[in-house]
Amino acid sequence: MLKFKENKITIIVLLIILAIIVAIFYFFNQQETERVQSTEYLEIEALEDSSTFFSISENINKICEYVNNNNPTQLENIIDKDYLEQNNLTSSNIINYFQEDYQNNTFKSHDTYVISNKNLYKYYVHGYLYINMFDEPSTITKEKYFILNFDINNLSYSIEPITKETYQEALKATKFTFKEITPNEDNKFTQLNLSSYNLAVLYFNDFIQKVISNTEEAYQILDETTIEEYFPEYEDFKEYIDNHQEEIYSTRVEKYSKNNNSYRYIDNYGINYIINVSHGLNYSVKISLEEENNEEN
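None of these values were measured; they are calculated from a predicted model.

The rules we used
Residues numbered from 1 in each chain as written. Predicted model: local features only at pLDDT ≥ 70, side-chain atom pairs only at ≥ 80, totals over all residues. Heavy atoms only, no water. Helix = DSSP H or I, 4+ residues; strand = E, 2+ residues; numbered from the N terminus. Buried < 20%, exposed > 50% of the residue type's maximum accessible area, 1.4 Å probe, protein only. Contact = heavy atoms within 4.5 Å. Areas by Shrake-Rupley, 256 points an atom, 1.4 Å probe, with all protein chains shown as cover. Lys, Arg positive; Asp, Glu negative; His and termini not counted. Salt bridge = Lys/Arg side-chain N within 4 Å of Asp/Glu carboxyl O. Polar contact = N/O pair within 3.5 Å; in protein donor to acceptor, adjacent residues only side chain to side chain. Phe/Tyr/Trp six-rings, centres within 6.5 Å; stacked < 30°, edge-to-face > 60°. Pairing = 2+ DSSP bridges. Axes fitted to C-alpha atoms, helices over the stretch in contact; angles between N-to-C directions.

**Student:** Explanation requested: the overall build of the protein in the structure shown.
**Tutor:** A count of helical and extended segments in the protein gives twelve helices and nine strands. Within the protein, the proportion of its 297 residues that are buried is 41%. Relative to all contacts within the protein whose residues are 6 or more apart in sequence, the contacts with residues 24 or more apart total 58%. Entry remark: accessible area of the protein is about 17,300 Å², with carbon and sulfur atoms responsible for 49%.

In structure tokens:
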């Protein structure tokens, strides 16, 4: 009789343990299901939304803005708190810390990758610092990498400068740590409301800027048809640029149309362009040098 009671108690205990295990499994499974359903980017991927891409670039460029205007408090308020602590940065020394690289420069993103966890986002950003001279093409001074942490609930963000190695490792990673961000008077994310025309002009001007300041890079993004038809060798392209500098410096969009991520243009000299955007500022360009005046399509 005693052995029967012991077995009964053992069975009850095992059933309770099993029930607890099932409950725990169900709880975590529900948590994971809710996380997946409420998370926009489960794996790191290239950011394809153009407005968000340029908005992130604009927010990172505030580092340059605050350095150039000598605003240490504002700069401190947008930099990641852990980064501040690791580098012993305060409002008394933060301008000096960033001044050498960022003084008289502006920042422009080139690639941005994103991953999220519910309301928290991490943007891994690769771009360049440009020095702007009056009546002169912008010149690249530095290559830079950042993490922009963003909380979509309170629209606050923080910026963390990182190395090229950290950036490259992140693009292969499967696990990420997300940071809660405390809002302050300076770290509210600026969202640009860019029209289709604004975006079209941004891409067009970026290409023309490359033609002026980095002809080799501009040549590398020409599509195969353009190269075969007009510029089989880089020197052919360089010669064309050298012979048409006055026109290139005054080139502007006369007409444009958009179909998904493809932009078609006619400039003020009647030259036709097609810019096919992959993501960020990664795109290819097709040029037709025959002067036409086609209607938008």
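**Student:** What is the right way to read the side chain of Asp 151 from this model?
**Tutor:** With respect to the helices, strands and loops of the structure, Asp 151 is situated in strand S4 (residues 139-151). Among buried charged residues, Asp 151 stands out as having no salt bridge; its nearest opposite-charge side chain is Lys 118, 12 Å away. Looking at Asp 151, its side chain comes within polar contact range of the side chain of Asn 154, at 3.4 Å. The residues contacting Asp 151, other than those within four sequence positions of it, are Asn 119, Leu 120, Ser 156, Glu 180 and Ile 181.

**Student:** Got a minute to help me understand the packing of aromatic side chains in this structure?
**Tutor:** In this description, an aromatic ring pair is defined by two values, namely the gap between the centres and the angle between the planes. Counting across every chain of the model gives 25 aromatic pairs. A centroid spacing of 4.8 Å and a plane angle of 45° characterise the contact between Phe 150 and Phe 189, whose relative ring orientation is tilted. Within this pair, whereas Phe 150 is found in strand S4, its partner Phe 189 is found in the loop between helix H7 (164-170) and helix H8 (196-213), the two being separated by 39 residues in sequence. Exposure class is identical for Phe 150 and Phe 189. Each is buried. Among the aromatic residues, those joined into a ring-pair cluster are Phe 53, Phe 54, Tyr 203, Phe 204, Tyr 263, Tyr 265, Tyr 273 and Tyr 283.

**Student:** Whenever I open this one, the sheet that holds strand S8 (residues 272-279) confuses me. Can you help?
**Tutor:** Backbone-to-backbone hydrogen bonds join strands into a sheet, with any given pair of strands oriented parallel or antiparallel. With antiparallel pairing, four strands are arranged side by side in an open sheet as S6-S7-S8-S9. A single partner strand is all that each edge strand has here, and the edge strands are strand S6 (253-259) and strand S9 (282-288). Averaged over all pairs of adjacent strands, the angle between their axes in this sheet comes to 20°, without regard to strand direction. Sheet analysis places S8 next to S9, joined by seven bridges and oriented antiparallel. Looking at the pairing, Ile 275 lines up with Val 285 of S9. Sitting on the sheet, H8 touches S6, strand S7 (262-267), S8 and S9, and the angle it makes with S7 is about 70°.

**Student:** Is there a simple way to explain the pairing of S9 in this structure?
**Tutor:** Remark: a regular strand shows side chains that alternate across the two faces of the sheet. Judged by which residues are buried, S9 turns out to be one-sided: Tyr 283, Val 285 and Ile 287 face inward and are buried, whereas Asn 282, Ser 284, Lys 286 and Ser 288, on the alternate face, are not. The turn linking S8 back onto S9 is made up of two residues, and Gly 280 within it adopts a positive phi angle of 55°.

**Student:** Quick question: what am I supposed to make of the environment of Ile 147 here?
**Tutor:** By the secondary structure assignment, Ile 147 is in strand S4. In this structure Ile 147 comes out as buried when scored by relative accessible area, which is 5%. Apart from the residues within four sequence positions on either side, Ile 147 is in contact with Lys 122, Tyr 123, Tyr 124, Ser 158, Ile 159, Glu 160 and Ile 162.

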